[in-house]
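Residue-level listing of the chains:
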Amino acid sequence: MSPGEDVLAALRDVVGDEPFVGLHVPDISELEKRRVQECLDSTFVSSVGAFVAEFERGIEQFTGAPHAIAVSNGTSALQVALELAGVGPGDDVIVPTLSFIATANAVSHAGAQPFFVDSDPETLGLSVDAVAAVLRSATPSPRGPVNAATGRPISAIVPMHTLGHPLRVDELVALAAEHDIPVVEDAAESLGSLLGDVHTGTIGRLGILSFNGNKILTTGGGGMILTADDELARRARHITTTAKLPHRWEFEHDEVAYNFRMPNLNAALGVAQLERLPAFLAAKRLLASRYSSRFADVAGATFLTEPVGTRSNYWLCAVRLEGGRARRDEVLEATNDAGLQCRPMWNLLHEQAPYRHLPHADVSNAQALHAEIVCIPSSPALAAS
Ligand SMILES: *Cc1c(COP(=O)(O)O)cnc(C)c1O
């Protein structure tokens, strides 16, 4: 067999022989078309419409979050969540180097600097031990523990549930509490994923979701801020809607704020997608179990399963390959040549142009994960048949 052919054969056995199979294709049915048409007919296409409230209440019910505030995308949701958590200019925020660049960009938009930390190979998420080591070597100050590597106070920790697999946020929250800093969960990829029986994104002080086109539920573009705190929820709503004071006709605004609220048109799509989310989740579990049993027969390839004690949404199914980056690239070459859209993990954030000048912690686990993981076709429709 030529390089990568073994993985290609396993993928073909699971996904069938379509000439092109995308990595994660949105599933849009007649229901979505009806809701969007209803929204268009109402003419309330911007952020004043009823679909936004219906979508928010639906996400609250689904996740168990006491408050959900719909915004324009996951990046803006994270920026606002960080600002509400008290992050500002001069601060450091701990983030995993193994993440999509939005995690770090939101920190920058909030005026702070990301401090990149290693991942746990078991969960693919921020390593609790690595965060503990950073905090152990920090010096207490009124602005928060001062990072020994940068001399700046650490004002928040942003764990990210990688590919939908939950990390141990409960342990991170306990650790952060000892140092009096908040945890803001980037749950952009983990709608439907549980730690124990608690939904990811509802464990830290604030959490965020993304509804970009490639996520498990899409609104075209969109995001959600989750919190149990009544005052933070009120502030989130206020500063994402231009800080306008309620009045029947006056335009009075009490601070410089954002126009970040989700348009009603996008929420209409979200309402329909949310109705179908349980079916998407079931399909993805079925797909994951098919991959898992097929890859048990492929030497040097391990299908990544949910960490013990968690339930993953399997947003992106992935395999970890032995043989380093050369083997990974052979597999990417063979699968993409054959029309199967496979992708590596995102390039590590501490090496990306906007961030490579910053100090960072040891990131050797993340480097190995980056060199060895390939994400494989994960659309729910692949298991619908
Ligand atoms: C998708 C994603 C986001 C948010 O992305 P938007 O495109 O702004 O909605 C944030 N963090 C992670 C890890 C993501 O995968």
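Analysis parameters
Residues numbered from 1 in each chain as written. Predicted model: local features only at pLDDT ≥ 70, side-chain atom pairs only at ≥ 80, totals over all residues. Heavy atoms only, no water. Helix = DSSP H or I, 4+ residues; strand = E, 2+ residues; numbered from the N terminus. Rg over C-alpha atoms; globule rule 2.2 N^0.38 Å. Buried < 20%, exposed > 50% of the residue type's maximum accessible area, 1.4 Å probe, protein only. Contact = heavy atoms within 4.5 Å. Lys, Arg positive; Asp, Glu negative; His and termini not counted. Charge placed at Lys NZ, Arg CZ, Asp CG, Glu CD. Pairing = 2+ DSSP bridges. Near = heavy atom within 4 Å. Polar contact = N/O pair within 3.5 Å; in protein donor to acceptor, adjacent residues only side chain to side chain. Areas by Shrake-Rupley, 256 points an atom, 1.4 Å probe, with all protein chains shown as cover. Nonpolar A, V, L, I, M, F, W, Y, C, P; charged D, E, K, R; others polar. Phe/Tyr/Trp six-rings, centres within 6.5 Å; stacked < 30°, edge-to-face > 60°. Axes fitted to C-alpha atoms, helices over the stretch in contact; angles between N-to-C directions. Parallel < 35°, antiparallel > 145°, perpendicular 65-115°, else oblique. Left-handed = near helix turned anticlockwise from the far one by under 90°. Domains from an automatic or database assignment. Buried area = accessible area lost by both parts, 1.4 Å probe.

Draft legend 1. Examining the overall build of the protein more closely. When helices and strands are counted, the protein shows 11 helices and 14 strands. Rg of the C-alpha trace for the protein: 21 Å, near the compact-globule value of 21 Å for 385 residues, within the 12% margin. Here the protein holds 385 residues, and 55% of them are scored as buried. When contacts within the protein are restricted to residue pairs at least 6 apart in sequence, those whose partners lie at least 24 apart make up 70%. Across the protein, 29 positive and 46 negative side-chain charges occur, with their mean positions spaced 3 Å apart.

Draft legend 2. Just the pairing of strand β1 (residues 67-71), in detail. The element β1 is largely enclosed, with a buried count of 5 among its 5 residues. Residues of β1 alternate between two faces, with His-67, Ile-69 and Val-71 on one and Ala-68 and Ala-70 on the opposite face, all of them buried. In this sheet, strand β9 (residues 223-227) lies alongside β1 in antiparallel orientation, the contact comprising 5 bridges. Directly across from His-67, in β9, lies its bridge partner Thr-227.

Draft legend 3. Seen up close, the site of the ligand. Near the ligand you find 15 residues, and of these Gly-74, Thr-75, Glu-189, Ser-210 and Lys-215 are the closest. Contact between the ligand and Asp-186: a nitrogen atom at 2.8 Å from a side-chain N or O atom of the residue. When the ligand is considered free in solution it has 380 Å² of accessible area, and contact with the protein chains removes 92% of it. For the shell around the ligand, the secondary structure elements donating two or more residues are α4 (74-84) and α5 (102-109). Residues belonging to the shell around the ligand are distributed by class as follows: 4 nonpolar, 8 polar and 3 charged.

Draft legend 4. Local environment of the packing of aromatic side chains. Scanning the entire structure with this criterion turns up 6 aromatic pairs. Each ring, one from Tyr-258 and one from Phe-260, has its centre 4.5 Å from the other, and the planes form 5°; the classification is stacked. In this structure Tyr-258 comes out as partly exposed when scored by relative accessible area, which is 23%. Look at Phe-260 and you get buried, because its relative accessible area is 17%. Centroid distance Phe-303 to Tyr-314: 6.2 Å. Interplanar angle 15°. Geometry classified as stacked.

Draft legend 5. How the structure looks around the packing of helix α1 (residues 5-15) against helix α10 (residues 324-337). Taken N-terminus to C-terminus, the directions of α1 and α10 make an angle of 50°; their axes are 8 Å apart at the nearest point. Comparing their axes, α10 and α1 come out oblique. The two elements α1 and α10 meet at a crossing, and its hand is right-handed. Taken together, the residues of α10 that come into contact with α1 (itself represented by Asp-6, Val-7, Leu-8 and Leu-11) are Arg-327, Val-331, Ala-334 and Thr-335. For the contact of α1 with α10, the class distribution of residues is 5 nonpolar, 1 polar and 2 charged.

Draft legend 6. Region of the structure containing the side chain of Ser-210. Examined against the element boundaries, Ser-210 turns out to sit in strand β8 (residues 206-210). Engagement of the side chain of Ser-210 in a polar contact is seen with the backbone nitrogen of Asn-212, the distance being 3.2 Å.

Draft legend 7. Just the domain arrangement of the protein, in detail. Entries for the protein in the domain assignment read domain 1 (5-27 + 277-384) and domain 2 (30-273). Domain 1 and domain 2 are separated by 25 Å when their C-alpha centres are compared. Taken together, the two surfaces of domain 1 and domain 2 that pack against each other cover about 3,700 Å², and 67% of this comes from carbon and sulfur. On inspection of domain 1 and its partner domain 2, the count reaches 23 residue pairs in polar contact (both at pLDDT 80 or more). Of all the elements in the fold, those that place two or more residues in the side of domain 1 that touches domain 2 are α9 (264-295), β11 (310-311), β12 (317-321), α11 (364-372) and β14 (373-376). Considering only residue class, the side of domain 1 that touches domain 2 consists of 25 nonpolar, 12 polar and 6 charged.

Draft legend 8. Looking closely at unusual backbone geometry. Phi at Leu-163 is positive, roughly 60°, even though this residue is not glycine. With respect to the helices, strands and loops of the structure, Leu-163 is situated in the loop between β4 (154-157) and α7 (169-178). Residue classification places Leu-163 among the buried residues on the basis of a relative accessible area of 0%.

Draft legend 9. The arrangement of the packing of helix α6 (residues 128-136) against α7 in detail. Contact geometry of α6 with α7 gives a least axis separation of 10 Å together with a crossing angle of 10°. By the angle between their directions, the pair α6 and α7 is classed as roughly parallel. Where α6 abuts α7, its residues Val-128, Val-131, Ala-132 and Leu-135 lie against Glu-171, Leu-172 and Leu-175. A breakdown of the residues in the contact of α6 with α7 according to their chemical character gives 6 nonpolar, no polar and 1 charged.

Draft legend 10. Structural detail: the sheet that holds strand β3 (residues 113-117). Ordered in space as β3-β2-β4, the 3 strands form an open sheet in which the pairing is parallel. Of all strands in the sheet, those with a lone pairing partner are β3 and β4, marking the two edges. The average undirected angle you get between the axes of adjacent strands in this sheet is 35°. Relative to β4, strand β2 (residues 92-96) is paired through 3 bridges, and the arrangement is parallel. Within β4, the position partnered with Val-93 by the bridge is Ala-156. Sitting on the sheet, α5 is in contact with β2 and β3, with an inclination near 145° to β3.

Draft legend 11. Representation of the environment of Ala-149 in the model. With respect to the element layout, Ala-149 can be found in the loop between α6 and β4. The class of Ala-149 is partly exposed, set by a relative accessible area of 42%. Each C-alpha atom, one on Ala-149 and one on Pro-359, is 6.7 Å from the other, the two residues being 210 residues apart in sequence. Residue contacts for Ala-149: discarding those within four places in its chain leaves Phe-115 and Pro-359.

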